[in-house]
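Fold and contact review
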Amino acid sequence: MFANCKNIKNINSFNTKYITNMKYMFYECQNLNTINLYSFDTRNVTDMSYMFFNCSNINNINLLSFNTKNVIDMSYMFFYCNKLNNLNLSSFDTKNVTNMSNMFSSCNLNELNLSCFDTQNVE
């Protein structure tokens, strides 16, 4: 949707009610530093892979409103988000996820609590 939009700095809310695939949604949006995802309706999403791939200027993402119960792929989701220091994923339901490969690769996270993650189906 916004892949390779290197000059976008801010994105406000929009209707995501019918979206099932968010793969590459903000891929390579390297100047994106503020993003409001609170209104995102993600209940139908099955793929979030590469969603924030190389969003190297994002330093905070609030994903507490995300409904991830139908997501099966989260691979490379935060790959190279190197300014991202904190990430609260306590609301994530990962019981259906089968792919989490490189989900946090090349991140500089100071702390990441994954105790709520159910990884029994991850291959």
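Here we summarise the structure given alongside this text. These numbers were taken from a predicted model, which means no experiment stands behind them. (Residues numbered from 1 in each chain as written. Predicted model: local features only at pLDDT ≥ 70, side-chain atom pairs only at ≥ 80, totals over all residues. Heavy atoms only, no water.)

**Some points on the overall build of the protein**
Looking only at helices and strands, the protein has zero helices and two strands in total. In terms of C-alpha radius of gyration, the protein reaches 13 Å, essentially the compact-globule figure of 14 Å for 123 residues. Judged by the C-alpha coordinates and their principal axes, the protein covers about 40 × 35 × 20 Å. For the protein, buried positions account for 39% of its 123 residues. Once local pairs closer than 6 in sequence are excluded, the contacts in the protein between residues at least 24 apart make up 70%. (Helix = DSSP H or I, 4+ residues; strand = E, 2+ residues; numbered from the N terminus. Rg over C-alpha atoms; globule rule 2.2 N^0.38 Å. Buried < 20%, exposed > 50% of the residue type's maximum accessible area, 1.4 Å probe, protein only. Contact = heavy atoms within 4.5 Å.)

**Points about the packing of aromatic side chains**
Tallied over the entire structure, the rule returns 15 aromatic pairs. Taking 4.8 Å as the distance between ring centres and 15 degrees as the angle between the ring planes, the aromatic pair formed by Tyr 27 and Phe 53 counts as stacked. You can see Tyr 27 sitting in the loop between strand E1 (10-11) and strand E2 (34-35) and its partner Phe 53 sitting in the segment after E2, a full 26 residues away along the chain. Arranged with centres 4.8 Å apart and planes meeting at 10 degrees, the rings of Phe 53 and Phe 79 form a pair that is stacked. Linking Phe 53 in the segment after E2 with Phe 79 in the segment after E2, this pair joins segments that are 26 residues apart in sequence. Classification of Phe 53 as buried rests on a relative accessible area of 12%. Every member of this aromatic cluster is reached through a ring pair, and the members are Tyr 24, Tyr 27, Tyr 50, Phe 53, Tyr 76 and Phe 79. (Phe/Tyr/Trp six-rings, centres within 6.5 Å; stacked < 30°, edge-to-face > 60°.)

**Let's talk about the environment of Lys 95**
Tracing the sequence through the fold places Lys 95 in the segment after E2. Excluding anything up to four places from it in sequence, Lys 95 contacts Asp 118 and Asn 121.

**Notes on the side chain of Asn 54**
Relative to the assigned elements, Asn 54 resides in the segment after E2. Taking relative accessible area as the criterion, Asn 54 reaches 10% and is therefore assigned buried. Setting aside anything within four residues of it in sequence, one finds Asn 54 in contact with Glu 28, Cys 29, Gln 30, Phe 79 and Tyr 80.

**Structural notes on the pattern of salt bridges**
Per the counting criterion, the structure on display carries two salt bridges. When the shortest N-O distance is used, the salt bridge between Asp 41 and Arg 43 registers 2.6 Å. Between Lys 95 and Asp 93 there is a salt bridge, with the nearest N and O atoms lying 3.1 Å from each other. Look at Lys 95 and you get partly exposed, because its relative accessible area is 39%. (Salt bridge = Lys/Arg side-chain N within 4 Å of Asp/Glu carboxyl O.)

**Details of the nonpolar core**
Formed by 33 residues in total, the largest nonpolar core has its most connected members in Phe 26, Met 51, Phe 52, Leu 63 and Phe 78. If we skip the residues at most four places from it in the chain, Met 51 touches Met 22, Tyr 24, Met 25, Phe 26, Tyr 27, Phe 40, Phe 66 and Met 77. (Core = buried A, V, L, I, M, F, W, Y, C linked by side-chain atoms within 4.5 Å.)

**Looking at the state of the cysteines**
As enumerated under the stated definition, the model contains zero disulfides in all. A disulfide-free cysteine, Cys 107 has its sulfur positioned 5.2 Å from the sulfur of Cys 81, the nearest such atom. (Disulfide = S-S within 2.5 Å.)

Structural measurements only, silent on function.
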